[in-house]
Amino acid sequence: MLYFSNLKTFSVLSVIIITLFFAVPNFFSKEQLNSFPNFIPKQQVNLGLDLQGGSHLLLEVDTEEIIKERVENLNADVRRVLKKNNLNYSNFKVSNESLKFVVEDFNSEIQKEISELSMSNSQNILAMGDQTNLIITQEENTIQINFTEEFIKQSVSNAVAQSLEIVRRRIDELGTREPSIQRQGSSRIIIQLPGIDDPDRIKSLLGQTAKLTFQLVDTSVNFDPFNPSKAPIGSEILVSDADEEFKYIVKKRIMVGGENLVDAQPGFDPQTNEPIVSFRFDRIGATKFGRVTQQNVGKPFAIVLDNKVISAPVIRESILGGSGQISGGFDSEEANDLAILLRAGALPAPLIILEERSVGPDLGADSIEAGQFAAIIGFIAVIIFMIFVYRYFGLLADIALIINLFMVLGVLSLFQATLTLPGIAGIILTIGMAVDANVLIFERVREEIRNGSNMMNAVENGYKRALSTILDANITTLIAAIILFFMASGPVRGFSITLAIGIFTSVFTAFTFTRLLISLNAKRLKPNFVGLSKNA
Amino acid sequence: MLNISGTQINFLKVRVITFILSAILICLSIGAFFVNGLNFGIDFKGGTLIEIETSQEIEISGLRDNLNTLELGDVQVQEFGSSKNLLIRVEQQLGGDQVQQDVVQIVKDSLGSYLSTDINFRRTEVVGPKVSGELIQSGAIAIFVAVFAMLVYIWFRFEWQFSLGAVLALVHDVILTIGVFCITQLEFNLPIIAAILTIVGYSMNDTVVVYDRVRENLRKYRSKEITDLLNLSINDTLSRTIVTSVTTLLALLSLFIFGGEVIKGFTFAMIWGVVVGTYSSIFVAAPLLRYLDVKREWNTTSAVDSTR
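Residues numbered from 1 in each chain as written. Chains lettered and ligands numbered in written order. Predicted model: local features only at pLDDT ≥ 70, side-chain atom pairs only at ≥ 80, totals over all residues.

Caption draft 1: Representation of the overall build of chain A in the model. When you go through chain A residue by residue, the secondary structure sums to 13 helices and 19 strands. Oriented by its inertia axes, the alpha-carbon framework of chain A measures out at about 110 × 70 × 40 Å. A buried classification covers 44% of the 536 residues belonging to chain A. Within chain A, contacts between residues at least 6 apart in sequence are counted, and of these 70% link residues at least 24 apart. (Helix = DSSP H or I, 4+ residues; strand = E, 2+ residues; numbered from the N terminus. Buried ≥ 20, exposed ≤ 12 C-beta atoms within 10 Å, placed from the backbone. Contact = placed C-beta atoms within 7 Å.)

Caption draft 2: Spatial organisation of the overall build of chain B. Helix and strand counts for chain B stand at nine helices and six strands. Taken over the C-alpha trace, chain B has a radius of gyration of 24 Å; the compact-globule value for 308 residues is 19 Å, which it surpasses by more than 25%. Taken over the C-alpha atoms alone, chain B extends approximately 80 × 45 × 35 Å along its principal axes. Considering only residue pairs separated by 6 or more positions, chain B has 78% of its internal contacts joining residues 24 or more positions apart. (Rg over C-alpha atoms; globule rule 2.2 N^0.38 Å.)

Caption draft 3: Focus on the interface of chain A and chain B. Counting from both sides, the interface comprises 66 residues of chain A and, opposite them, 64 residues of chain B. Across the side of chain A that touches chain B, the residue classes break down as 40 nonpolar, 11 polar and 15 charged. Judged from the five bridges that link them, strand S18 (residues 351-359) of chain A and strand S5 (residues 119-127) of chain B form a sheet pairing that is antiparallel. Across the sheet, residue Arg357 of chain A finds its bridge partner in S5 of chain B, namely Glu125 of chain B. (Nonpolar A, V, L, I, M, F, W, Y, C, P; charged D, E, K, R; others polar. Pairing = 2+ DSSP bridges.)

Caption draft 4: A look at helix H11 (residues 421-450) of chain A. Residues and elements named next belong to chain A. With 30 residues, H11 should cover 44 Å at 1.5 Å per step; its first-to-last C-alpha distance of 44 Å lies within 8% of that length. Most of H11 sits out of view: 28 of its 30 residues are buried. Where H11 ends, the next residue or the one after it, Gly452, has phi of about 100°, a positive value. (Expected span 1.5 Å × (residues − 1).)

Caption draft 5: Just the sheet that holds strand S4 (residues 98-103) of chain A, in detail. All names here are of chain A. Read from one edge of the open sheet, four strands run S3-S4-S6-S5, paired in antiparallel fashion. The sheet is open, and its two borders are formed by strand S3 (89-94) and strand S5 (134-139), each paired with just one other strand. Pairwise comparison of adjacent strand axes, ignoring direction, gives a mean angle of 15° for this sheet. In this structure, S4 lies alongside strand S6 (residues 142-147), joined through five bridges in antiparallel fashion. The residue of S6 that forms the bridge with Lys100 is Gln144. Contacting S3, S4 and S6, helix H4 (residues 63-84) runs over the sheet at an angle of about 20° to S4. (Axes fitted to C-alpha atoms, helices over the stretch in contact; angles between N-to-C directions.)

Caption draft 6: Representation of unusual backbone geometry in the model. Residue and element names in this part refer to chain A. The phi torsion at Glu140 lies on the positive side, around 50°, for a residue other than glycine. With respect to the helices and strands, the residue Glu140 is situated in the loop between S5 and S6. A positive phi angle, close to 65°, is found at Asn273, a residue other than glycine. Looking at where Asn273 falls in the secondary structure, it is placed in the loop between strand S13 (261-268) and strand S14 (275-281).

Caption draft 7: Local environment of the domain arrangement of chain B. Along its sequence, chain B is carved into domain 1 (11-40 + 132-297) and domain 2 (47-127). Just the C-alpha atoms count here: the centres of domain 1 of chain B and domain 2 of chain B sit 38 Å apart. (Domains from an automatic or database assignment.)

Caption draft 8: The nonpolar core, seen in detail. The biggest cluster of nonpolar side chains holds 218 residues, and the ones touching the most others in it are Leu484 of chain A together with Leu197 and Val200 of chain B. Considering each element in turn, this core owes the most residues, 20 residues, to helix H10 (residues 361-415) of chain A. By size, the runner-up hydrophobic cluster in this structure holds 12 residues, among which are Leu74, Val78, Phe106 and Ile145 of chain A. (Core = buried A, V, L, I, M, F, W, Y, C linked by C-beta atoms within 7 Å.)

Caption draft 9: View of the sheet that holds strand S7 (residues 180-184) of chain A. Here we have eight strands laid out as an open sheet, ordered S7(A)-S8(A)-S2(A)-S18(A)-S5(B)-S2(B)-S4(B)-S3(B), and antiparallel in their pairing. The sheet is open, and its two edges are formed by S7 of chain A together with strand S3 (75-80) of chain B, each paired on a single side. Geometrically, the sheet is characterised by an average inter-axis angle of 20° between neighbouring strands, direction not taken into account. The sheet contact formed by strand S2 (residues 54-61) of chain A and strand S8 (residues 188-194) of chain A spans seven bridges and is antiparallel. Its bridge partner being in S8 of chain A, Leu59 of chain A is matched across the sheet by Ile189 of chain A. Running at roughly 90° to S5 of chain B, H10 of chain A makes contact with S18 of chain A together with S5 of chain B of the sheet. Seen against the sheet, helix H3 (residues 60-68) of chain B touches S3 and strand S4 (82-90) of chain B and runs at an angle of roughly 155° to S3 of chain B.

Caption draft 10: Main features of helix H7 (residues 190-220) of chain B. Taking 1.5 Å of rise per residue, 31 residues should cover 45 Å, and H7 of chain B covers 45 Å from first to last C-alpha, within 8% of that figure. The element H7 of chain B is largely enclosed, with a buried count of 27 among its 31 residues.

Caption draft 11: Seen up close, the pairing of strand S10 (residues 235-240) of chain A. Residues and elements named next belong to chain A. Sheet topology places S10 next to strand S11 (residues 247-251); five bridges connect them, and they run antiparallel. Within S11, the position partnered with Leu238 by the bridge is Tyr248. Linkage of S10 to S11, two consecutive antiparallel strands, is achieved through a turn of six residues. When S10 meets strand S16 (residues 308-311), the two strands line up parallel, connected through two bridges. Residue Ser240 lies in a different strand from S16, and its bridge partner there is Val309.

Caption draft 12: Structural context of the confidence of the model for chain B. Residues and elements named next belong to chain B. Taken as a whole, chain B shows an average pLDDT of 88; of its residues, 94% reach a score of 70 or greater. Note on residues 301-308: pLDDT under 50 across the span, and four contacts to partners over four residues away in sequence or across chains. Interface confidence in the predicted complex, given as ipTM, is 0.87; pTM for the same model is 0.84. (pLDDT = per-residue confidence, 0-100.)

Caption draft 13: View of the packing of helix H8 (residues 226-258) of chain B against helix H9 (residues 264-288) of chain B. Residues and elements named next belong to chain B. Close contact between H8 and H9 brings their axes to 10 Å; oriented N to C, the two are set at 175°. When the axis of H8 is compared with that of H9, the two are roughly antiparallel. Residue-level inspection shows Leu230, Ser233, Ile234, Thr241, Ser245, Thr248, Leu249, Leu252, Leu253, Leu255 and Phe256 of H8 in contact with H9, the latter providing Lys264, Thr267, Phe268, Met270, Ile271, Val274, Thr278, Ser281, Ile282, Ala286 and Pro287. Tallied by class, the residues present in the contact of H8 with H9 amount to 14 nonpolar, seven polar and one charged. (Parallel < 35°, antiparallel > 145°, perpendicular 65-115°, else oblique.)

Caption draft 14: Molecular detail of the environment of Ser327 of chain A. All names here are of chain A. Residue position: Ser327 is located in the loop between strand S17 (323-326) and helix H9 (332-344). Residues Ser327 and Arg188 lie 139 residues apart in sequence; the distance between their C-alpha atoms is 35 Å. When residues no more than four places from it in sequence are discounted, the contact partners of Ser327 are Asp269, Glu274, Ile276 and Ser311.

Structure (structure tokens):
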């Protein structure tokens, strides 16, 4: 066992040198690395947000809102069909996920009509080949209509995918450095923003659905903006964006919507120098906008964002060119943000922030510094202790430990795993535990010597006998690390990664590198090399 | 030169005392769990945590009174490592996930107007009720899964008697670790779960080394009395147990002293766990085998030991 063939020696050393090679970039600055020749790897350890500073946000798409909207659409469709067929219905109830009503003469023709209308209104959501998205049940004269589970699932899934895209666009517009935006589970989105420790602006950008509509102001009733009476049928009361006390009565019908916008840019009104957002419609939007403005000259036209009126200017003349501008007493940052929101498009449903974790750059830097210092002190303590206990063999274990640490760093850089603060703790823990494999071996060697073996045999047998123990002992820790990896997220996951890497590298170095070092001295080995007195 | 090899300490002689000691500690832990409970951090009970650094020393009680006027419920202010570093915790607000977000702004505005020094916001964490509920659930599941996985692994590699003994020792360690957090009322958060899982791994590691030797000795000395055999096995592995515990503790102590405030709770749990785990593999796991009727006739050609 102590004999190492040249090939074996070569492969052991190559594995070590290659991993060490990948650790190299971590000891140079980014600028220095760029000046190095190409064959030198440039990937440094990927620092977690807790070490480099940054913000982590966990968002959830409000799926109830999506289902609610779907049910509301269905509600309108069903009533239209019933009305068209001159059917009198009563007890019309709209619950969270279904409609219920009592009607006489409900027949399969009407049922078919409802299904077809609902189908045609949700074309973009249904999978190919779906026959229906509704379940209609009839019990005497009581009709209940539900969406199929598949349809609900698909609606939510679509909305989440769409939200993800819009979140990405909004964040990209802000020019954030290397943001990571990922979907998690069925309705969640994880956003990682390195270098941002106060995500207020991003949070406020993501907190708005940014649904833009142009609606006519209802001028048919006298109206006190501070104390409105009930809105007439077909109209609704909306508050002003600038002053919640100020209200408007606006016709419900949406004349043009934000989905027809092709561009929005912040700017300044050349006359008043007030910040504005200028926008441009696509062809359909321009046609609609032109027609409305043509027919309603002299009337106020409300620009509504997320059910709040930004402004309601009076239409002076028809606007046919398909572009216009919004002014609503914003400052220039607000104008800029509104332009971003309009360009990125509206979210299909509100986003709820479930979790936020932000770390400033100072704390991250302090953590790295403290971690490094703790690692060095712990390292020195372990090195001294090992030499104290095992003398020459302890020294060999120490050399292996140093190699081991660099290997952990190399593997982390190679696989671009994320190093977090608990991850640093994992490395420091590895310093303490990595010597275990060697300890087990050395103790065996001592035992063999005490039982009368000569040094060579003792080392041989020591390695042989310790093998299964080392495997068993390390597999248990590895199991814990793997479970942690799958159960945890964020910084704690980083701990499981360094712990697992540490287990592999320490077993590897104990069985190859330390043994190689011992074998190089095989002829000169004496009992006192392993910390036993000479006459043991 | 340190050499603990060749000791002949009669560990099993004191087993009644150590069993009683363990039983008392377990009862204390369980008692503290029900009386004090765990001091959950925001990871598990939701809420807001803000760490600030100021350029001048701040009088905490004044700041606390000021923050309490905001009507955000329970607000805790504590020093964090130095008198210029403060940790502010605000309990979870009623009304779902969305409202938690407002707390940060309210507290930041209030700090800005109350404190006349520069404030550096070092860390802001907001955990809503949905996520905190999930985290506590997945944390508990992780610990159960880990213990169960160990049970299966040891069963697979040894025999059920060993598996049972090891898992009892493991449960002992986990209970004592949770117990020390109940008694000290140190904050129990997500990294502590990671620490407990690592303790599970470490304690198992220690136990496996002793058990491995027990199995080996069972084959070697077929007629040896079980108590003597267990004593011999513990003594055989004692030196290794101590050396590895010391190196691990050296590394952890260094982390505890120099590693910074953020990770202190985690390191404390680990140190405690290593001490308890080492104790339990010598005084709980091994002596338990005496009562578990271990099999004496091992199949000597088992795959793993073919090296022998």
